[in-house]
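# Observations on the model geometry
Spelled out, the chains give:
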Amino acid sequence: MTAQPLPPPAASALDLIGRTPMVELSGFDTGPCRLFVKLENANPGGSIKDRIARSMIEAAEKDGRLKPGGTIVEATAGNTGLGLAQVGLLKGYKLLLVVPDKMAREKIQHLRAMGVDVRITRSDVGKGHPEYYQDMAAAIAAKLNNAVYINQFENPANPLAHETTTGPEIFEQMEGDLDAVVVGVGSGGTLTGLGRYFAKVSPKTRMVLADPVGSILAPLVNEGKEVQAGSWIVEGIGEDFVPDICDLGLVEKAYAITDQESVATARELLMKAGILAGSSSGTLLAAALKYCREQTEPKRVVTLVCDTGSRYLSKMYNDSWVAEQGLADRKLHGDLRDLIARSEADAVTVGPEDTLLTAYNRMRQADVSQLPVMDDGRLIGLIDESDLLEAVERRDAEGRFKQPVSAAMTAKLNTLQAGQPLDALLPIFEQDQVAIVMDGRDFLGLITRIDLINYLRRAA
């Protein structure tokens, strides 16, 4: 097979936006259909939002709203902000982004590493509230000199980016033969831009919406019903209002996908196709698979890998986080075991002869403040941050972290049996301790205050 020539070096990362690859998925049950994914995670900023960032910034430059040295202000779930930073910083602009507090910390860390001013606000309030991320961004921009609120939710340059780049690329890659495209709605730009393009060049191509359960959009499309917005953990898609640029009239059918389906499908994409995708991509793929399986004749279907999963390693690709959110497919016992985020098999532990440096490193790596001390499969103690600090303070600098865990651990343990009620946790938490849960003499795991809070939130 003759190798294709490589493209010449680009003048800047801006020239790498778009022209992303397409992969046909195999190993999935796609019914009679062929299913393709366009890898928007291959954009230099790691997501499809690079496209609209360039389009919106260039439009603001063209109409004079954005002047040299100006500040770009935006409300974003993270990826639009990253795209704006990717484009704006290379063009010499400053960035101020307002981000809801449910976003993955990898996105926040990425933005701050680029020197972006990130303001984190509440995710539990709706449009019209001063702390709602869009209202807050608009208010901040109005007070700044030489600043523009880019406003992806109302900006016509957003869908234009997909109408003029994403759509033509998909049409070319599918050789003009495409029956359906499955998209999500955050701002609505992808749906509207692709819908407009395919209505012109391929009237047979249907637009299908993938929507998180809790969003108002799927009920509106399928039943014409306005519902109260709920909550969902998927980032970047799903809405509690219909954005101005979102044309739901282009949608033939919508699928409401649960958080559990989204996470499981994204992880399946990694395992079966080697593609590390974000949470919204799991939603899109789950909907695309449902659409394909419902068909009675062969169809060619495309969906998107909206962003890279490397931004969600602390969340949807973290088994403990998935369990804490109640998204894991785990057996429930109806007792204290249901509150344990890390079971004995998954728990990070130390041995009595391990050094305090080992204990410290494991606490840091696992982001926990205490470790069970296990000896030959038996729980013999617990070491927490206060034990560690007290032990290292007492010794000279050279020997501090060389001490064995047994010298610092607490061996006097207050344990609970798995069958005890939730109320049994409260006296332990009042003493600033963690609950050690046993089944007879067998150690099952630890329960912390946040584990109880997560359990109560899921039950609400």
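Treat the numbers as computed from the prediction; the structure is a model and nothing was measured. (Residues numbered from 1 in each chain as written. Predicted model: local features only at pLDDT ≥ 70, side-chain atom pairs only at ≥ 80, totals over all residues. Heavy atoms only, no water.)

## Here's the deal with the side chain of Arg300
Residue position: Arg300 is located in strand β10 (residues 300-305). Engagement of the side chain of Arg300 in a polar contact is seen with the backbone oxygen of Asp177, the distance being 2.8 Å. Setting aside chain neighbours within four positions, we find Arg300 in contact with Arg34, Phe36, Met174, Asp177, Leu178, Asp179 and Ala180. (Helix = DSSP H or I, 4+ residues; strand = E, 2+ residues; numbered from the N terminus. Polar contact = N/O pair within 3.5 Å; in protein donor to acceptor, adjacent residues only side chain to side chain. Contact = heavy atoms within 4.5 Å.)

## Concerning the nonpolar core
Of all hydrophobic cores here, the largest spans 53 residues; its most connected members are Leu25, Leu35, Ile170, Leu191 and Leu269. Contributions of two or more residues to this core are made by β2 (34-39), β7 (180-183), α6 (189-201), β8 (206-212), α7 (217-223), β9 (251-257), α9 (279-294) and β10. Element by element, the count of residues in this core is highest for α9, at eight residues. If near-sequence neighbours (up to four positions away) are discounted, Ile170 is found in contact with Met22, Lys38, Leu178, Leu194, Phe198, Val302 and Leu304. Counting residues in hydrophobic clusters, the runner-up holds 27 residues, among them Ile52, Ile72, Ala77 and Met103. (Core = buried A, V, L, I, M, F, W, Y, C linked by side-chain atoms within 4.5 Å. Buried < 20%, exposed > 50% of the residue type's maximum accessible area, 1.4 Å probe, protein only.)

## Side note on a nonpolar patch on the surface
Taken together, the side chains of Leu357, Tyr360 and Phe401 make up a nonpolar region of the molecular surface, amounting to roughly 240 Å² of accessible area. Tracing the backbone through its elements, the reader meets Leu357 in helix α11 (residues 356-366). By relative accessible area, which is 40% here, Leu357 ends up partly exposed. (Patch = residues over 30% accessible without salt bridge, like charges linked within 9 Å, V, L, I, M, F, W, Y side chains within 5 Å. Areas by Shrake-Rupley, 256 points an atom, 1.4 Å probe, with all protein chains shown as cover. Salt bridge = Lys/Arg side-chain N within 4 Å of Asp/Glu carboxyl O.)

## A short note on the packing of helix α8 (residues 259-273) against α9
Look at α8 against α9: their axes get within 7 Å of each other, and the N-to-C directions meet at 90°. Here α8 is positioned roughly perpendicular relative to α9, judged by the angle of their axes. Judged by residue contacts, Glu261, Ser262, Thr265, Ala266 and Leu269 of α8 engage Ser279, Gly282, Thr283, Leu285, Ala286, Leu289 and Lys290 from α9. Among the residues making up the contact of α8 with α9, the classes are represented as five nonpolar, five polar and two charged. (Axes fitted to C-alpha atoms, helices over the stretch in contact; angles between N-to-C directions. Parallel < 35°, antiparallel > 145°, perpendicular 65-115°, else oblique. Nonpolar A, V, L, I, M, F, W, Y, C, P; charged D, E, K, R; others polar.)

## Side note on the sheet that holds strand β5 (residues 117-121)
For sheets, the rule is that strands pair by backbone hydrogen bonds, running either parallel or antiparallel. Spatial ordering of the open sheet is given by β5-β4-β3-β6, a layout of four strands whose pairing is parallel. Each of the sheet's edge strands pairs with one partner strand only, and the pair in question is β5 and β6 (147-149). Averaged over neighbouring strand pairs, the angle between their axes works out to 15° when direction is ignored. Where strand β4 (residues 94-100) and β5 come together, five bridges link them in parallel fashion. Looking at β5, one finds that Leu96 is bridged to Asp117. (Pairing = 2+ DSSP bridges.)

## Brief notes about unusual backbone geometry
We note that Asn146 has phi near 50°; this positive angle belongs to a residue other than glycine. Relative to the elements of secondary structure, Asn146 occurs in the loop between α4 (133-143) and β6. One non-glycine residue with positive phi stands out, namely Asn151, at about 50°. Judged by its relative accessible area of 12%, Asn151 is buried.

## Points about the pairing of β7
The two faces of the sheet receive side chains in turn, since in a regular strand these alternate between them. Burial along β7 is two-sided: Ala180 and Val182 facing one way and Val181 and Val183 facing the other are all buried. The pairing of β7 with β8 spans four bridges and is parallel. Looking across to β8, one finds that Val182 is bridged to Val208. For the crossover that starts at β7, traverses α6 and ends in the parallel β8, the hand is right-handed. (Right-handed = clockwise from strand over helix to strand, strands pointing away.)

## Structural notes on the packing of aromatic side chains
Throughout the structure, instances matching the rule amount to seven aromatic pairs. Both rings, one in Tyr132 and one in Tyr133, keep their centres 5.2 Å apart while their planes meet at 85°; by these two values the pair is edge-to-face. Overall, the relative accessible area of 4% leaves Tyr132 in the buried class. Given the relative accessible area of 9%, Tyr133 is considered buried. A centroid spacing of 5.2 Å and a plane angle of 75° characterise the contact between Tyr197 and Phe198, whose relative ring orientation is edge-to-face. (Phe/Tyr/Trp six-rings, centres within 6.5 Å; stacked < 30°, edge-to-face > 60°.)

## Considering the sheet that holds strand β13 (residues 415-417)
Reading across from one edge, β13-β14-β15 is the order of the three strands in this open sheet, with mixed pairing throughout. Each end of this open sheet is capped by a strand with a single partner; those strands are β13 and β15 (442-447). Across the sheet, the mean angle separating the axes of adjacent strands is 35° when strand polarity is ignored. Bridge count between β13 and strand β14 (residues 435-439): three bridges; the pairing is parallel. By the bridge assignment, Thr415 is partnered in β14 with Ile436.

## A few points about the packing of helix α1 (residues 49-62) against helix α5 (residues 157-173)
Relative orientation of the contacting elements α1 and α5 amounts to 130°, with a least axis distance of 8 Å. By the criterion of interaxial angle, the relationship of α1 to α5 is oblique. Once α1 is placed against α5, the crossing between them reads as right-handed. Every residue of α5 that contacts α1 at Arg51, Ile52, Ser55, Met56 and Ala59 is listed here: Ala157, Asn158, Ala161, His162, Thr165, Thr166 and Glu169. Considered class by class, the residues forming the contact of α1 with α5 number five nonpolar, five polar and two charged. (Left-handed = near helix turned anticlockwise from the far one by under 90°.)

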